[in-house]
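Observations on chain architecture
In case you want the letters, here they are:
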Amino acid sequence: MLLSCPTVKLIVFQQRRTFTSSLAKRFSFNAQPLTESQAQAALDKECIDFLPWLEQVAGAKITNTLSIGKSPYGRALFASKVIHAGDCILKVPFNAQITPDELPTDIKVSLTDEVGNIGKLAALVMIEINAGQIFWDENEFSMIRCSAVHKETVKQKARIEREFSLVSQAFKEHLTSAIERPSLENFMYAYTLVGSRAWETSRGISLIPFADFMNHDGLSASIVLTDEGNQLSEVTADRDYSPGDEVLIRYGEFSNATLMLDFGFTLPYNTHDEVQIQMDIPNDDPLRNMKLGLLQTHYTRSVKDINIFHSSYDTFTIKEVKSATGKGIPQSLRAFARLLSCTSPQELNDLSKEAEQNDGRLARLPFKDRSRELEAHKIILAHINSLIVDHSVCIKELGASNFRFESQRLTVRRQMARELIFGELRVLRSAAEWLIHYCTNLFSAP
């Protein structure tokens, strides 16, 4: 059963996480909180029938304190009366949630594991809706070419296209009435919609109506929780709210790269920003095959080293280094650089023997020869400095608009690109400062 409402078309799937600020917004933009009657008067009138209808579908009360309203960023949930920290403000029963299990049986059986949960739920959404989506064009997309988000978006698009071919075939074989010609564009719309709005649950992945309207605050302690015993999802307030305050939750501790890729917005200053970097063994390295073999043999990446997009041995995630003398860049990256710096089979054999004598991980200990340790870290510093140059060029281009007047859409996307790249540049510069400090100490040590 996919939720639909005759008076509020597609309301479950409308604006939710796009261009969200981390600060709560009020219906009233002065310093005075609204009364309950003023808050009620400021509701989104188009959505007034949605909550009663949803509660009828659920067969249970969902909220007594929240109402749908309009923020500067789209529809959102607002306090309709006073809320105290610790109050349970939202309960959505499982029977009102939307999961891939609700796909028609023939289609569900025909979709193999090659189609992930997001793709399956997107197929269900596509059966019920037929909507377009304005995606970033090539010029807009090039604004983030220096970020790993650019490459990951290309990979995600290819993944969506593969899953679409399987979904389209299943529709052709088993679904003759609802969608005559499923289009890739509509599937991409449904896929990104599900990816930005669904929560992981005990049933795999679910769209949770009404909770779907809640916007993100990276400082909030409120999250969507699952109560298996009572078969519902719920949210508890982490702070006091007055009538008219927008009620916010935290989607997770995500970088701007993840927020942009998965949710479609960024934050002006995101303390969780990080940068994915990839370092390759040069094709002309005479020891390339031996080095690759050692990486395969000793590859044991710890959970904290795994980056937001991949978990392969040549990709790494750098977080902001708060102090030049504090915790620095990932040990896995430093180990990889030590491997890269080796120039003889004997040096590689020594690394392999050292790993076997310890915890099995390759090159995790500093070289005893300080000149070799210095050379390894200079390799990382050179790579990071190159990324700093690339990011600086992108930022300069973002500041120079080619149009005297540009559309609101382009202005918003330019700002998103700027926030993404500025955050990554801050992280890269902090890593470079740490490496310079580390190399200076190696060079000057007696």
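Residues numbered from 1 in each chain as written. Predicted model: local features only at pLDDT ≥ 70, side-chain atom pairs only at ≥ 80, totals over all residues. Heavy atoms only, no water.

Looking at an unreviewed UniProt entry, one finds the chain named SET domain-containing protein, with Brassica campestris as its source organism.

Remarks on the overall build of the chain
For the record, the criterion: The secondary structure listing takes helices from DSSP runs of H or I that are at least 4 residues long and strands from runs of E that are at least 2 residues long, numbered from the N terminus. Working definition: with a 1.4 Å probe on protein chains only, accessible area under 20% of the residue-type maximum means buried, over 50% means exposed, and in between means partly exposed. We call two residues in contact whenever any of their non-hydrogen atoms come within 4.5 Å of each other.
When its secondary structure is counted, the chain shows 13 helices and eleven strands. Within the span of the chain, comprising 446 residues, buried residues form 50% of the whole. The long-range share in the chain, meaning contacts at least 24 apart out of those at least 6 apart in sequence, stands at 75%.

Comments concerning the side chain of Glu163
Test applied: His residues and chain termini do not enter the charge count, which takes Lys and Arg as positive and Asp and Glu as negative. One speaks of a salt bridge when a side-chain nitrogen belonging to Lys or Arg is within 4 Å of a carboxyl oxygen belonging to Asp or Glu.
Within the element layout of this structure, Glu163 appears in helix H6 (residues 148-174). No salt bridge is formed by the buried Glu163; the nearest opposite charge belongs to Arg159, separated by 5.2 Å. What Glu163 contacts, discounting residues up to four positions off in sequence, is Glu114, Val115, Gly116, Gly119, Phe187 and Tyr191.

A few points about the packing of aromatic side chains
Selection rule: Stacked, tilted and edge-to-face pairs are distinguished by plane angle, under 30 degrees for stacked and over 60 for edge-to-face with tilted covering the rest, among Phe, Tyr and Trp rings (Trp via its six-membered ring) whose centres lie within 6.5 Å.
In total, this model carries ten aromatic pairs according to the counting rule given. For the ring pair Phe50 and Phe213, a centre distance of 6.2 Å and an interplane angle of 85° mean the geometry is edge-to-face. Here the residue Phe50 occupies a position in helix H2 (residues 50-58), and Phe213 occupies one in the loop between strand E5 (204-206) and strand E6 (215-216), the gap between them amounting to 163 residues. Assigned by exposure class, Phe50 and Phe213 land together as buried.

Some words on the sheet that holds strand E3 (residues 88-93)
Heads up, the rule is: Two strands form a pair only when DSSP identifies at least two bridges running between them. Axis definition: a line fitted to C-alpha atoms, limited for helices to the stretch in contact. Angles are taken between N-to-C directions and run from 0 to 180 degrees.
Across the sheet, which stays open at both edges, the three strands sit in the order E3-E8-E7 with antiparallel pairing between neighbours. The sheet is open, and its two borders are formed by E3 and strand E7 (225-227), each paired with just one other strand. Strand-to-strand, the axes of this sheet are offset by a mean angle of 30°, without reference to chain direction. Relative to strand E8 (residues 232-236), E3 runs antiparallel, the two sharing five bridges. Each bridged residue has a counterpart across the sheet, and for Leu90 the counterpart in E8 is Val235.

Structural notes on the packing of H6 against helix H7 (residues 184-197)
What counts is decided by this rule: If an angle is under 35 degrees, it is roughly parallel; if it is over 145, roughly antiparallel; if it lies from 65 to 115, roughly perpendicular; otherwise it is oblique. It is the rotation of the near helix from the far one that decides the hand of a crossing: anticlockwise by less than a right angle makes it left-handed, clockwise makes it right-handed. Polar here means any residue other than Ala, Val, Leu, Ile, Met, Phe, Trp, Tyr, Cys and Pro, which are nonpolar, and Asp, Glu, Lys and Arg, which are charged; Gly is therefore polar.
Viewed as axis vectors pointing N to C, H6 and H7 meet at an angle of 115°, and their least axial separation amounts to 10 Å. It follows from the interaxial angle that H6 and H7 lie roughly perpendicular. The two elements H6 and H7 cross, and the hand of that crossing is right-handed. Taken together, the residues of H7 that come into contact with H6 (itself represented by Lys157, Arg159, Ile160, Glu161, Glu163, Phe164 and Val167) are Leu184, Phe187, Met188 and Tyr191. Partitioning the contact of H6 with H7 into residue classes produces seven nonpolar, no polar and four charged.

Describing the confidence of the model for the chain
We count it as follows: Residue-level confidence of the predictor, termed pLDDT, takes values from 0 up to 100.
Looking at the chain as a whole, its pLDDT mean stands at 82, while 82% of the residues score no less than 70. Across the chain, helix H12 (residues 370-398) holds the top mean pLDDT of 96, while helix H1 (residues 36-41) sits lowest at 51. Taken together, the stretch residues 1-32 has pLDDT below 50 and engages in 108 contacts with residues farther than four places along the chain or on a different chain. pLDDT under 50 marks residues 300-311. Its contacts with residues more than four places away, or in other chains, come to 34 contacts.

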